[in-house]
Amino acid sequence: MLVQRPPMGWNTWNTFGSEINEALIRESADAFIDAGLKDAGYEYVVIDDCWSARDRDPVTHRILPHPERFPNGMKVVADYVHSKGLKFGMYSCDGVRTCADYPGSYDHEFIDAETFAEIGVDYLKYDNCYKPQNAQGPTLYRRMAMALRASGRDIVFSACNWGSDDVWTWIRGAGAHLYRSTGDIHDSPESYRSIANSQREKLGFSGPGCFNDIDMLTVGMYGKGLVGSTGCNDADYRSQFALWCMYSAPLMLGCDIRRMNEQTHKLVTNRALIRIDQDPECRPPIIIRAAHSETCVSMLKMMDNNEYALAAFNMGESDSRIPIMFTDFGLPVSAGYGFQLKNAFTGEDAGTYRDYMRPAVAAHDCVVYLAKLVRI
Ligand code: GLA
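Now for a description of the structure that goes with this document. Small disclaimer: the values here were computed from a predicted structure and weren't measured.

Calculation rules
Residues numbered from 1 in each chain as written. Predicted model: local features only at pLDDT ≥ 70, side-chain atom pairs only at ≥ 80, totals over all residues. Heavy atoms only, no water. Phe/Tyr/Trp six-rings, centres within 6.5 Å; stacked < 30°, edge-to-face > 60°. Helix = DSSP H or I, 4+ residues; strand = E, 2+ residues; numbered from the N terminus. Pairing = 2+ DSSP bridges. Axes fitted to C-alpha atoms, helices over the stretch in contact; angles between N-to-C directions. Parallel < 35°, antiparallel > 145°, perpendicular 65-115°, else oblique. Contact = heavy atoms within 4.5 Å. Nonpolar A, V, L, I, M, F, W, Y, C, P; charged D, E, K, R; others polar. Near = heavy atom within 4 Å. Polar contact = N/O pair within 3.5 Å; in protein donor to acceptor, adjacent residues only side chain to side chain. Areas by Shrake-Rupley, 256 points an atom, 1.4 Å probe, with all protein chains shown as cover. Salt bridge = Lys/Arg side-chain N within 4 Å of Asp/Glu carboxyl O. Buried < 20%, exposed > 50% of the residue type's maximum accessible area, 1.4 Å probe, protein only.

1. A word on the packing of aromatic side chains
Line of reasoning, step 1. One pass over the structure, following the stated rule, counts 10 aromatic pairs.
Line of reasoning, step 2. Considering the side-chain rings of Tyr126 and Phe157, the 5.7 Å spacing of their centres and the 50° angle between planes classify their relative orientation as tilted. Of this pair, Tyr126 sits in strand β4 (residues 123-127) while Phe157 is found in strand β5 (residues 156-160), placing the two residues 31 residues apart along the sequence.
Line of reasoning, step 3. Ring plane angle 45° and centroid distance 6.1 Å describe the contact between Tyr141 and Trp170, whose orientation is recorded as tilted. Remark: Trp170 occurs in the loop between β5 and β6 (178-180) and Tyr141 occurs in helix α6 (residues 137-150); sequence separation between them is 29 residues.

Okay, structure coming up:
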């Protein structure tokens, strides 16, 4: 199966951790529709760890649903999600136990893939805890990829080994459609910045078929929920969402989508930013550290149809002007061409610049433009 664009959806983990149940999934599927997330392109409702009983069925060796959280089994949940025109995701792990100590799929890959296919799963996140010491990571991911392929159902395979074992070098060959490249995100400026910065040199490995997954978003959490941490402000959320879009990273929301405030809703349904994330070419941006700055960067992403996305991020603590020299991206000063800009957040025209600009960017914030290269 070819996954052409970075998957978009929502995952339970960041906010809810183990506090999950059938009602939450139903309400969140409803919210997908009511909040217009489906119209904006989001499609996967993903249940992370803690959905299963502590032990497998002693006779069939199948994984069982958690008796209190999902008393009616997982199929009714999948059916409900599907009835909304959405896709259904679940979670397992390549080790003996999952990270939260539920049964993992180690040595049960094929029977578990059959179970997931019977439930109607469209997306499987596959974690990396409690891996036997003599087991090779690449082998374990290949095993599950083969089991999913043999299951008779198209299931997006979302590998989650946190960037270990030089994952970017082998994961495409191991059959995954996306791969977590970093440790777990927390809802703080330091966390999303260090995650994004750690992948600057590795974005060339990401593209149609197999995407670099820099973790679920914390946008809209404001410090609440399992990975709440210090929380972020709206400028940080703008920057986080824009960085993920510039990287063509999967957009998996992690806030409580039933209760998004207006700013969060506006940001995560922003068509211009989603257009940047979902550009069919999925090219990595050219990233330039701003002259005389440790914390400011600019990026240019080539998209189809002579469009570009141009962004500048202020990851520092003081408001700044960020110098952007287009020649750093490859445009000759003497070309007679310049970038005609439209502000991606407001939709307003932002002028045409030939070789240089110096936008004002507040601390923690960013500017993002959709751009066309025009003769001037
Ligand atoms: C790991 C993953 C997280 C989440 C938890 C669940 O830490 O990286 O994204 O799935 O396990 O236990």
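Continuing now.
2. A few points about the sheet that holds strand β7 (residues 211-213)
Line of reasoning, step 1. In spatial order, the strands read β7-β6-β5-β4-β3-β2-β1-β8; together these 8 strands make up an open sheet with parallel pairing. Each of the sheet's edge strands pairs with one partner strand only, and the pair in question is β7 and β8 (251-253). Put simply, the sheet's adjacent strands are angled 25° from each other on average, direction ignored.
Line of reasoning, step 2. Sheet topology places β6 next to β7; 3 bridges connect them, and they run parallel.

3. What about the packing of helix α2 (residues 22-34) against helix α4 (residues 75-83)?
Line of reasoning, step 1. Where α2 contacts α4, the two axes come as close as 9 Å, and the packing angle between them is 10°. One way to sum up the angle between α2 and α4 is to call them roughly parallel. Judged by residue contacts, Glu22, Ile25, Arg26, Ala29 and Asp30 of α2 engage Val76, Val77, Tyr80 and Val81 from α4.
Line of reasoning, step 2. The class makeup of the residues in the contact of α2 with α4 is 6 nonpolar, no polar and 3 charged.

4. Some points on the site of the ligand
Line of reasoning, step 1. The full set close to the ligand counts 13 residues, and Asp48, Asp49, Lys125, Asp127 and Asp184 are the nearest of them.
Line of reasoning, step 2. Residue Trp162 places a side-chain N or O atom 2.9 Å away from an oxygen atom belonging to the ligand.
Line of reasoning, step 3. Look at the ligand: alone it shows 310 Å² of surface, and the protein chains cover 93% of it.
Line of reasoning, step 4. Residues of the shell around the ligand, tallied by class, amount to 7 nonpolar, no polar and 6 charged.

5. Digging into the pattern of salt bridges
Here the idea is simple: oppositely charged side chains can pair when their charged atoms come close.
Line of reasoning, step 1. The full count for this structure, using the stated rule, is 26 salt bridges.
Line of reasoning, step 2. Notably, a salt bridge pairs Arg258 with Glu27, separated by 2.5 Å at the nearest N-O pair. Residue Arg258 is located in the loop between β8 and α9 (262-268), and its partner Glu27 is located in helix α2; the two are separated by 231 residues in the primary sequence.
Line of reasoning, step 3. The partly exposed category is assigned to Arg258, whose relative accessible area is 28%.
Line of reasoning, step 4. Note that Arg289 is salt-bridged to Glu294, the shortest N-O span being 3.9 Å.

6. Considering unusual backbone geometry
Line of reasoning, step 1. One non-glycine residue with positive phi stands out, namely Trp162, at about 60°.
Line of reasoning, step 2. Relative to the elements of secondary structure, Trp162 occurs in the loop between β5 and β6.
Line of reasoning, step 3. Positive phi, close to 50°, is recorded for Asp166, a residue that is not glycine.
Line of reasoning, step 4. Position of Asp166 relative to the elements: it lies in the loop between β5 and β6.
Line of reasoning, step 5. Under the relative-accessibility criterion, Asp166 is labelled partly exposed at 43%.

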